[in-house]
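# Summary of the model geometry
Okay, here's what each chain looks like letter by letter:
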Amino acid sequence: LSSTGTATALAADRVAKVADAYPNSALAQFLAAETVALAGRNPMAQLEKAVRAAPSFAAAQTMRGHAFVAAREVRKAFDAYSASAAVLPDPGVLVRSGILGETLGEDAAAEAAYRAFLKAQPNSYIAMNQLAWFLAVRADDLTEATALAQAALVIKPGNAAILDTLGWIAYREGDAALAVERLNQASAATGGQ
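Presented here is a report on the structure given in the accompanying data block.

Thresholds, definitions, all that
Residues numbered from 1 in each chain as written. Predicted model: local features only at pLDDT ≥ 70, side-chain atom pairs only at ≥ 80, totals over all residues. Heavy atoms only, no water. Helix = DSSP H or I, 4+ residues; strand = E, 2+ residues; numbered from the N terminus. Rg over C-alpha atoms; globule rule 2.2 N^0.38 Å. Buried < 20%, exposed > 50% of the residue type's maximum accessible area, 1.4 Å probe, protein only. Contact = heavy atoms within 4.5 Å. Areas by Shrake-Rupley, 256 points an atom, 1.4 Å probe, with all protein chains shown as cover. Patch = residues over 30% accessible without salt bridge, like charges linked within 9 Å, V, L, I, M, F, W, Y side chains within 5 Å. Salt bridge = Lys/Arg side-chain N within 4 Å of Asp/Glu carboxyl O. Expected span 1.5 Å × (residues − 1). Polar contact = N/O pair within 3.5 Å; in protein donor to acceptor, adjacent residues only side chain to side chain.

Okay, the overall build of the protein next. Across its full length, the protein holds 11 helices and zero strands. The secondary structure elements of the protein, listed N-terminal to C-terminal, are α-α-α-α-α-α-α-α-α-α-α. For the protein, whose C-alpha radius of gyration is 21 Å, the value lies well above the compact-globule estimate of 16 Å for 193 residues. Across its three principal directions, the C-alpha atoms of the protein cover 65 × 35 × 25 Å. For the protein, the proportion of its 193 residues judged to be buried stands at 39%. Of the contacts made within the protein by residues no fewer than 6 positions apart, 40% connect residues no fewer than 24 positions apart. Carbon together with sulfur atoms contributes 58% to the accessible area of the protein, which is approximately 10,100 Å² in total.

Now the structure itself:
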C-alpha cells in the first residue's frame, strides 16, 4: 500500500472502532461506512447498522443502493433506492429506482419513480425523455410519450436519446419512414456510433 492508502486504511480502522462504541448511532455507522469504502473495503456491515438504527436515513439507504448495484443485487438495490426516495426524492436516486424497477418487471413502481423524477425536475429533458421512453415501451401510452419527447426536444434540440425515443414512437405508430428518419438523426447526433 502507498502511504496514502495505509493512512486511509488506518483511519478506516479507527473510525470503525469508534462506530463500534456507538452501535445504535446511525450517523456514526454511516461515517464509518464512508471511511471503510474510501479504504476500498465493503461498507455493508456499517450501512446495515445505520439503517437498522434509522431506516429513513436517506444517505445511508442511497449508499446501500450503490453497494448493492456494485454487487449486482438488483432487488436489494431497488429496495434501498426506493427507501431513500421515499424520504428524499433525489432525482439521481429516482431514476436509478425507475431503471431497476423496469429491470425487475415492476412497471408501476418504475413509472412512479420516473414521474417523481419529472416532478422533482419539471424542466429536465432527461426526466421527460426517460418517462417518454418508458411510456412508449412499457406502458403503451404513445400520446403522452410523444408529448413528453417533443417537449424534451424543444429543451435539448438534436439530442440523440430523445431522437431515438421519437424514432421508437414513430415505429410503434406504424410510420416506418419517420422512424428511420429519427433514428438516422439520432445516429448522426452521436457521430454515427
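Turning our eyes to something else, we now look at a nonpolar patch on the surface. A contiguous nonpolar patch, built from V137, W168 and Y171 and spanning about 280 Å² of accessible area, is present on the exposed surface. Secondary-structure assignment places W168 in helix α10 (residues 160-172). The partly exposed category is assigned to W168, whose relative accessible area is 30%.

Looking now at helix α8 (residues 125-139). In this model, α8 (15 residues) spans 20 Å end to end at C-alpha, consistent with the 21 Å of a helix rising 1.5 Å per residue. For α8, the set of buried residues is A127, M128, N129, Q130, L131, A132, F134, L135 and A136. Considering only its buried residues, α8 is in contact with α6 (91-104), α7 (107-120), α9 (142-155) and α10. Backbone nitrogen of I126 and a side-chain oxygen of the N-cap are separated by 3.2 Å at the start of α8; the cap is S124.

Okay, the environment of P89 next. Structurally, the position occupied by P89 is in the loop between α5 (74-87) and α6. Between the C-alpha atoms of P89 and D13, which are 76 residues apart in sequence, the distance is 33 Å. Apart from the residues lying within four places of it in its own chain, the contact partners of P89 are L94 and A120.

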